Amino acid sequence: MEGEQRRLLVRFEGEDLGHGAHVVLPRLSLALHQGERIALLGQSGAGKSTLLAELRRRLGGEAAWCPQHHGLVPQLAVYHNVFMGRLPEYSALANLWNLVRPLRGPWREVAALCDELGLTGLMRRPVGELSGGQRQRVAIARALYQARPLFLGDEPVASVDPHQALRLLDLIDSRHTTSVVALHQRELALSHFDRVWGLRDGRLAIDARADELSLAELDALYPDAAEPAGSPPPGNDGAPLPSPEALPCARGRP
Ligand SMILES: Nc1ncnc2c1ncn2[C@@H]1O[C@H](COP(=O)(O)OP(=O)(O)OP(=O)(O)O)[C@@H](O)[C@H]1O
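Basis of the calculations
Residues numbered from 1 in each chain as written. Predicted model: local features only at pLDDT ≥ 70, side-chain atom pairs only at ≥ 80, totals over all residues. Helix = DSSP H or I, 4+ residues; strand = E, 2+ residues; numbered from the N terminus. Contact = placed C-beta atoms within 7 Å. Buried ≥ 20, exposed ≤ 12 C-beta atoms within 10 Å, placed from the backbone. Pairing = 2+ DSSP bridges. Near = placed C-beta within 6 Å. Nonpolar A, V, L, I, M, F, W, Y, C, P; charged D, E, K, R; others polar. Axes fitted to C-alpha atoms, helices over the stretch in contact; angles between N-to-C directions. Parallel < 35°, antiparallel > 145°, perpendicular 65-115°, else oblique. Left-handed = near helix turned anticlockwise from the far one by under 90°.

Undergrad: Help me get a handle on the overall build of the protein, residues and values and all.
TA: When helices and strands are counted, the protein shows eight helices and eight strands. A fraction of 67% describes how many contacts in the protein between residues 6 or more apart in sequence connect residues 24 or more apart.

See the structure below:
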């Protein structure tokens, strides 16, 4: 995709992002193009959710959304939680009817999704009775059920093991042309995505192609991560971590 003419989806040009008077990311500049798969990194409080919320606002109905705390209704069955992804597409009457007696077409579609996500046989189970990893997959199923060209995810693979995380990201990729996914698994950011946005100290410290980045550069986004005494230096080759100024902002942007 790099180097090709791609459709610009969103551009921030020196804009302040935050919550009311609280500016989290001052003078932010970045661009999202169609076809990009972006890993969004940064330590807790760096502003990942803030940025995703603004992307979501700008992309509107083009983007499927998988929120950080899943936003599921624990008393409702898996089927109903997934169906909620398309609630606005049906009439109030159909939605009410579906609550009592599931509609046949949506039931089949949700069942197929649940099979793909390893949730077979759980369609009637209240979400409150599921494990953390199962709930996470229900939240992903609901986002996939929205059937949008873009996927925005706030740590959608935080509660699953690395193997399953990869499988879920593959599934998300197979159904969306563009994605921005907040996550903390740095190895996954390098191996699975084609671009990394890294937030640190209120700025976009990294905006670079994944294949041009090292784990040490990503580690530098987490200055508060305590190194256990006697542990080896964190760089791949034992070299000291780069300062934020040395981080590769805007590297590899065509
Ligand atoms: N609704 C809100 N109102 C005011 N401030 C907020 C609100 N939501 C988040 N913040 C603040 O904005 C800053 C960035 O928060 P944000 O949730 O975007 O970080 P994050 O990188 O997603 O963190 P985490 O990895 O813990 O989810 C934090 O200082 C947070 O306290």
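Undergrad: Explain the pairing of strand β7 (residues 195–200) residue by residue, including any values.
TA: Judged by how many residues are buried, β7 sits mostly within the fold: five of six residues are covered. In the sheet, strand β3 (residues 37–41) pairs with β7 via four bridges, with the strands oriented parallel. Bridging from a neighbouring strand, isoleucine 38 pairs with arginine 195 of β7. Summarising the sheet, β7 and strand β8 (residues 203–209) pair through six bridges and their orientation is antiparallel. Across the sheet, residue arginine 195 finds its bridge partner in β8, namely arginine 209. Counted between consecutive antiparallel strands, the loop separating β7 from β8 contains two residues, among which aspartate 201 sits at a positive phi close to 55°.

Undergrad: Explain the site of the ligand residue by residue, including any values.
TA: Near the ligand the following residues occur: His19, His22, Val24, Gly42, Ser44, Gly45, Ala46, Gly47, Lys48, Ser49, Thr50 and Gln68. Elements supplying a minimum of two residues to the shell around the ligand: β2 (22–33) and α1 (48–59). Among the residues forming the shell around the ligand, the class breakdown is two nonpolar, nine polar and one charged.

Undergrad: Would you mind going over the packing of helix α4 (residues 104–116) against helix α5 (residues 132–145) in detail, with residue names and values included?
TA: Here α4 crosses α5 at 130°, and the two axes come no closer than 10 Å. Taken together, the axes of α4 and α5 lie oblique to each other. Between α4 and α5 lies a crossing of right-handed hand. In contact with Val110, Leu113 and Cys114 of α4, α5 contributes Ala141, Leu144 and Tyr145. Looking at the contact of α4 with α5 residue by residue, the class counts come to six nonpolar, no polar and no charged.

Undergrad: I'd like a rundown of unusual backbone geometry, residues and numbers included.
TA: You will see that arginine 27, though not glycine, has its phi angle at about 50°, which is positive. Tracing the backbone through its elements, the reader meets arginine 27 in strand β2. With 14 C-beta atoms packed within 10 Å, arginine 27 lands in the partly exposed category. At alanine 147, a residue that is not glycine, the phi angle is positive and equals roughly 50°. Locating alanine 147 in the fold gives a position in the loop between α5 and β5 (150–154).

Undergrad: Account for the sheet that holds strand β4 (residues 63–66), with residues named and values stated.
TA: Taken in spatial order, the six strands line up as β4-β5-β6-β3-β7-β8 in an open sheet, and their pairing is mixed. Of all strands in the sheet, those with a lone pairing partner are β4 and β8, marking the two edges. Between one strand and the next, the sheet's axes are offset by a mean angle of 15°, whatever the strand orientation. Where β4 and β5 come together, four bridges link them in parallel fashion. Looking at the pairing, cysteine 66 lines up with glycine 153 of β5. Docked against the sheet, α1 engages β3, β4, β5, β6 (178–182) and β7, running at close to 155° with respect to β5.

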